[in-house]
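# Summary of the model geometry
In case you want the letters, here they are:
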Amino acid sequence: MSRPTQTPDDLNDNTEVSNVVAFPITAEPTTDADEVEDSGALVEIDQADEVEVLDGEIVDEDEGPRAGTLPAELAGPARRELLPIIPAWLADRDQFEATVRWAWTYCHHTARYHAVRVPLYTLKLTAASPRGIGRAVMTWQRWAFDTESRALRQSTIDAADPSAYLALSRQRDNHVRLRLRVSAVTAFLSALGLGVVWLMYPDAMQTVLMWTVVVSIIAFGLLGRREDKPIVKAAVLGQQASKLTPDVVVRAFVGAGLCKEDTPVTFAQPIQREGRGWLAVVDLPYGRHAAQAVGKRDSLASGLNVNPITVFIDPDQVSARRVRLWVSDVDVFAQKPVTSPLAAMEEFDFWQPIPFGLDARDRKVMLPLIWSSLLVGAIPRMGKTFSARIPTAAAALDPYVELFVFNGKGDGAWRAFEKVAVAYGAGVRDQVMELLVTTLRRMVADMNDRFERMAKLPVDVCPEAKLTPAMARNKRLNMPLTVLSIDEVQRYLEHPEYGAEVLALLTDLAKVGPAAGYMLILATQKPDGKVIPDSLRGQLGSRFAMKVMTWQASDTILGAGSYQAGMDASKLSRSHKGVGILLGSDDSELAEQGGQITRTHLLSSADVEVMCDRGRALRSALGLLKGMAAGETPTVETTGSVLDDVANALTAVAGNAAGAHTEVVLARLAEMRPEFYDGWTGSTLAGALKAYGVEPTQVWGTTPEGEKKNRQGYKRDAVVAAQSARIDHAR
Ligand SMILES: Nc1ncnc2c1ncn2[C@@H]1O[C@H](COP(=O)(O)OP(=O)(O)OP(=O)(O)O)[C@@H](O)[C@H]1O
């Protein structure tokens, strides 16, 4: 099925901004190893790369209070055991300031709290002082007359032991005599002191009497206070200035069922300030592990008597039973958003991790996208587009990256990328769908072609059977890093005609594309298993889940089992825009960090616009502006679906037979549309046809060598039936 070539005007929607361009994989790549090695272009470009590509701006791996570099023999777990010589809060300027701020708040608040209550304390002490006087008199009487020994003397009477009784009585008489004398002398001296003051300093008499009364009221008031009604209560502190004490931590862990009172948690180091909160490094009882504590965040928050959003529990690498409990003073995610450092960069090297946001403790969170792909999911208006635009804008700032952008929503949120994108489409009208399918088919074909060509390159050019920075920037090889960003991807995946093929092609790209330099950034507000099945989600190694409604939706984005591991994006607050759980699930650096609650940097539309302008200027200067960005006339060749193509191929190759073998169909497809089907394998085709309900089956047919055999293939009846069903569905 072939449709006429379209012009840009054809592609303009009334309401949506829908621009499409051709996919120009035009340069003739070389596979000649000698040519590649000897190529002056390679040397030239390599050298240029080293000089021109900024790769030092954002790599700041040493985040927060981490140990410095140690000799290799001390690396590994032993390194983590070493506590910093200078405490973190003293070593780091930000931390020091935060600690001083906290101490000031604490002292200031406590002082003011008690100061305004002085009159109340005076009243309470005065009211309690008669009881205090009574208690003082009783205590003096018991002491002076040695009443405590009465029971002892009584026991000697009961035991009819006169000698013991006499000894005790004598001792008591001596005590009483002495104590009465001490009391009388004390009373006399006090009265004498007052008399002397009265005689010698009559003016001071009033002051002395006043202080005597004050001290007496305080002393007798404290003595007379009731246990259940303390006169001075602890200052009622907001969480912002309250202290985290070991007792409270133990209470919380006992309350959460993570330890018992007789085998409580222990502390690996004293509780201390870290950033804008308190850090407790806690060892669980033997047999318990950190993931159990991570899963009990709410219970721990209850035991700590704080809002769960302020509680962060991270496993510590030193031991399976060690956790780092950080309780922030404030809701860190409700703070003013931080502008992305990318906004100020002139250029970016996409091979480096991308600055993505900050964690709860304000440490940078980096997103390495090389060898990986990203899935962003959330309910509407939580910041999906803003988040997905961060790595896409980073790609725009790297002139060596070929960028393709599709926006299923069709609004203008991604329009700035038109300036740099090889292909850009917005909305889901037929023309955009066809461009997307065309793009994806060519990407898959190019990906397969890249692998074949890489296999032929010498080891010193392609050492690990995957793309290197030098290869990606070598114009002759024509294997640039290629980033495909699709917002609201569910709109394309749910398309009645092309959805299945889009799914199959995206899955293929996500599965093997990264090693060939293909990276996907997909965002969706419909993170359910039907729209993004495991087959695709499982291939996307980096995931970012912002607020969703259920833990199942959170698992759909982050992967099965993440809820059990304590990661649940449904617990995030709606008021926290741009906040989500970032998780790596492949072998990337991100995966090593575990799930990180991340507040993404803010990259406004104005910033994106400026970055795209810069990216465009960089590409122009290097002669790397392509496709629509280069003003090329869109030559979108509408394609018909893969189902129609397979039907046509079967008609051509099967003759009177009921069907044809897969390899025969593939060969015919490659003949019909080499630009789409070159490089397709049996599984690519099976994946593309699956959602139409067509599956490969045993077919009796002729092999390319002319032999009659029973092999996997496709039956014409099944394909025709699927075509009719699709037409019925469309009606
Ligand atoms: N990192 C951030 N910090 C603060 N606010 C943010 C952040 N990211 C996004 N927002 C705010 O959230 C709002 C919604 O963002 P965005 O348009 O990306 O959401 P969305 O999930 O893509 O919405 P929709 O589903 O409607 O497309 C933005 O207008 C922005 O003000």
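A brief report on the enclosed structure follows. For clarity, every value in this text was computed on a predicted model and none was experimentally measured.

## Structural notes on the overall build of the protein
From N to C terminus, the protein includes 26 helices and 18 strands. Counting only residues that meet the buried cut, the protein has 46% of its 731 residues in that class. Taking all contacts inside the protein whose residues are at least 6 apart in sequence as the whole, residues at least 24 apart take part in 71%. Surface exposure of the protein reaches about 35,200 Å², of which carbon and sulfur atoms provide 56%.

## Considerations on the site of the ligand
The full set close to the ligand counts 17 residues, and Lys384, Thr385, Phe386, Lys409 and Thr600 are the nearest of them. In the model, an oxygen atom of the ligand is placed 3.5 Å from a nitrogen or oxygen of the glutamate 488 side chain. Taking glutamine 525, its side chain carries an N or O atom lying 3.4 Å from an oxygen atom of the ligand. Compared with its free state, where it exposes 630 Å², the ligand has 83% of that area covered by protein. Sort the elements by how many residues they give to the shell around the ligand and helix H13 (residues 384-396) lands first, with three residues.

## Quick notes on the packing of helix H22 (residues 642-654) against helix H25 (residues 682-690)
At a minimum axis separation of 9 Å, H22 and H25 run at an interaxial angle of 115 degrees. Between H22 and H25, the contacting residues are Val642, Leu643 and Val646 on the first element and Leu685, Ala688 and Leu689 on the second.

## What to know about helix H6 (residues 118-144)
At serine 129, H6 shows its largest bend, some 40 degrees, and a proline, proline 130, comes one to four positions later. For H6, the set of buried residues is Tyr121, Leu125, Ala128, Ser129, Gly132 and Ala144. At its buried positions, H6 is contacted by helix H5 (93-115), helix H8 (162-200) and helix H9 (202-223). A positive backbone phi angle near 45 degrees is found at aspartate 146, which sits one or two residues after H6.

## Some remarks on the side chain of serine 542
Mapped onto the fold, serine 542 is located in strand E13 (residues 542-546). Side-chain polar atoms of serine 542 contact the side chain of serine 372, separated by 2.9 Å.

## Section: the nonpolar core
Core analysis: the largest hydrophobic core is formed by 135 residues, its most contacted members being Phe350, Phe417, Leu484, Val502, Leu506 and Leu685. Those residues in contact with leucine 685 that lie beyond four places of it in its chain are Val642, Val646, Thr662, Val665, Leu666, Leu669, Trp680 and Tyr714. Within the second largest apolar cluster, 27 residues are counted, among which are Leu244, Ala252, Val294 and Leu300.

## A short note on a nonpolar patch on the surface
Taken together, the side chains of Val185, Phe188, Leu189, Leu192, Val196, Trp198, Leu199, Met200 and Tyr201 present a nonpolar region at the surface, about 1,000 Å² in accessible area. Tracing the backbone through its elements, the reader meets tyrosine 201 in the loop between H8 and H9.

## Considerations on the side chain of aspartate 645
Following the sequence through the fold, aspartate 645 ends up in helix H22. Polar contacts involving the side chain of aspartate 645 include one to the side chain of tyrosine 677, which spans 2.5 Å.

## A closer look at the pattern of salt bridges
Tallying each qualifying case throughout the model produces 25 salt bridges. The closest approach of N and O atoms between aspartate 316 and arginine 324, which form a salt bridge, is 3.0 Å. Residue aspartate 316 is classed as buried on the basis of its relative accessible area of 12%. With a closest N to O distance of 2.9 Å, arginine 473 and aspartate 349 form a salt bridge. Separated by 124 residues along the polypeptide, arginine 473 in the loop between helix H15 (469-472) and strand E11 (482-487) and aspartate 349 in the loop between strand E5 (322-328) and strand E6 (354-359) bring together distant segments of the chain. In the salt-bridge network here, residues are joined through shared partners; they are Glu274, Asp314 and Arg361.

## Considerations on the environment of leucine 467
In this structure, leucine 467 sits in the loop between helix H14 (430-456) and H15. Of the residues examined, leucine 467 reaches a relative accessible area of 1% and is grouped as buried. Taking C-alpha positions, leucine 467 is 8.5 Å from leucine 481, a pair spaced 14 residues apart along the chain.

## Quick look at the sheet that holds strand E17 (residues 697-702)
In sheet architecture, strand pairing relies on hydrogen bonds along the backbone and comes in two forms, parallel and antiparallel. If you trace the three strands from one edge of the open sheet to the other, you get E16-E18-E17, paired in antiparallel fashion. Both edges of this open sheet fall to strand E16 (659-661) and E17, since each of them pairs with a single strand only. Neighbouring strand axes in the sheet, compared pairwise and without regard to direction, differ in orientation by 60 degrees on average. Strands E16 and strand E18 (708-715) of the sheet are contacted by H22, whose axis makes an angle of about 90 degrees with E16.

## Focus on the sheet that holds E6
With mixed pairing, 10 strands are arranged side by side in an open sheet as E7-E6-E15-E14-E13-E8-E12-E11-E9-E10. For this open sheet the edge positions go to strand E7 (364-367) and strand E10 (423-426), each flanked by a neighbour on one side alone. Here the strands of the sheet are splayed against their neighbours by 25 degrees on average, with no regard to which way each runs. Across four bridges, E6 lies against E7 in antiparallel orientation. Paired with proline 355 across the strands is methionine 366, a residue of E7. Packing of helix H17 (residues 499-512) onto the sheet brings it into contact with E11 and strand E12 (518-524), and relative to E12 it is tilted by some 130 degrees.

## Digging into a positive patch on the surface
A surface patch of positive charge is lined by Lys124, Arg131, Arg135, Arg225, Lys229 and Lys233. Of note, lysine 229 is situated in the loop between H9 and helix H10 (246-255). Looking at lysine 229, the relative accessible area reads 52%, which means it is exposed.

What counts as what
Residues numbered from 1 in each chain as written. Predicted model: local features only at pLDDT ≥ 70, side-chain atom pairs only at ≥ 80, totals over all residues. Heavy atoms only, no water. Helix = DSSP H or I, 4+ residues; strand = E, 2+ residues; numbered from the N terminus. Buried < 20%, exposed > 50% of the residue type's maximum accessible area, 1.4 Å probe, protein only. Contact = heavy atoms within 4.5 Å. Areas by Shrake-Rupley, 256 points an atom, 1.4 Å probe, with all protein chains shown as cover. Near = heavy atom within 4 Å. Polar contact = N/O pair within 3.5 Å; in protein donor to acceptor, adjacent residues only side chain to side chain. Axes fitted to C-alpha atoms, helices over the stretch in contact; angles between N-to-C directions. Bend = angle between axes of the 7 residues up to and from the residue. Core = buried A, V, L, I, M, F, W, Y, C linked by side-chain atoms within 4.5 Å. Patch = residues over 30% accessible without salt bridge, like charges linked within 9 Å, V, L, I, M, F, W, Y side chains within 5 Å. Salt bridge = Lys/Arg side-chain N within 4 Å of Asp/Glu carboxyl O. Pairing = 2+ DSSP bridges. Lys, Arg positive; Asp, Glu negative; His and termini not counted. Charge placed at Lys NZ, Arg CZ, Asp CG, Glu CD.

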